[in-house]
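# Summary of the model geometry
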Amino acid sequence: MKHLRNVDDVMTHAVISVDRGTAFKDIVEALRMWNVSALPVLDQGGQVVGVVSEADLLLKPQGTDTAHDTAAEQLMTRPAVTVTKDATIPTAARLMARGHLKRLPVVDGDGRLVGVVSRGNLLKVFLRPDEDIGAEIRELLMYQLIPHGPGEVHVHVANGIAYLNGSLPDHAMEDIVVRAAGTVPGVVDVKADFTAPVSA
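Quick caveat: nothing in here was measured; it's all calculated off a predicted structure.

Cut-offs used in this document
Residues numbered from 1 in each chain as written. Predicted model: local features only at pLDDT ≥ 70, side-chain atom pairs only at ≥ 80, totals over all residues. Heavy atoms only, no water. Core = buried A, V, L, I, M, F, W, Y, C linked by side-chain atoms within 4.5 Å. Buried < 20%, exposed > 50% of the residue type's maximum accessible area, 1.4 Å probe, protein only. Helix = DSSP H or I, 4+ residues; strand = E, 2+ residues; numbered from the N terminus. Contact = heavy atoms within 4.5 Å. Pairing = 2+ DSSP bridges. Axes fitted to C-alpha atoms, helices over the stretch in contact; angles between N-to-C directions.

On to the nonpolar core, then. Core analysis: the largest hydrophobic core is formed by 18 residues, its most contacted members being Ile137, Val153, Val155 and Leu164. Counting residues per element, the ones that place at least two in this core are α7 (130-144), β7 (152-158), β8 (161-167), α8 (172-182) and β9 (189-194). Not counting residues up to four positions away in its chain, the partners in contact with Ile137 are Val155, Val157, Ala162, Leu164, Ala181, Val184 and Val187. Counting residues in each nonpolar core, the second largest holds 14 residues, with Met11, Val83, Leu104 and Leu122 among its members.

If you want it as structure tokens, here you go:
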């Protein structure tokens, strides 16, 4: 069972990019050929220095038709909003939402391009089988939460909704258990129905 937690787990590794000197028409052709709305712009060392998008191209001032004025370096948005491959999926989702972005370049520790993550990639976590989600919740609760005292939590997942019931060591644990279950990738909602705490 693969735990989908980080950007590296869902990103696309094969990425088309352009360099600073790529011409306007070549950028348009690459966007059309690869059916994407934006491309990372790389320097000679493979580091992401910007992103050129369809919107950037449409905003190109009229009458600037020289090769210098229509290269990626003049057209791109900088600095590029990027995410590291070990960032969590919620972190990437927040960056996209904050910047109204459809895709993010994924970089390594040196800022070099290693992939791209899209909204569609992030939504893959919600395609996980219910059985995998339930198994991860049970593992999480068994090893991290239940050792606090006697208790038994039953987990059932249907259509991404996690149903929890059983007994816990004390009432304070209920909120912790529910929040922990909600962090498991693929969980759409958590519904809990616990009995009174078990006496020690």
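There's plenty left to go through after this.
Here we take up the pairing of β8. Both faces of the sheet carry side chains from a regular strand, because those side chains alternate between them. In the sheet, β7 pairs with β8 via seven bridges, with the strands oriented antiparallel. Residue His156 lies in a different strand from β8, and its bridge partner there is Tyr163. In this structure, β8 lies alongside β9, joined through six bridges in parallel fashion. Bridge pairing links Gly166 to Phe194 in β9.

The strand order β7-β8-β9 describes an open sheet built from three strands, whose pairing is mixed. Because the sheet does not close on itself, it has two edges, and the strands there are β7 and β9. Here the average twist between neighbouring strands, direction ignored, is 20°. Sheet strands in contact with α8 are β8 and β9, and its direction is about 150° off that of β9.

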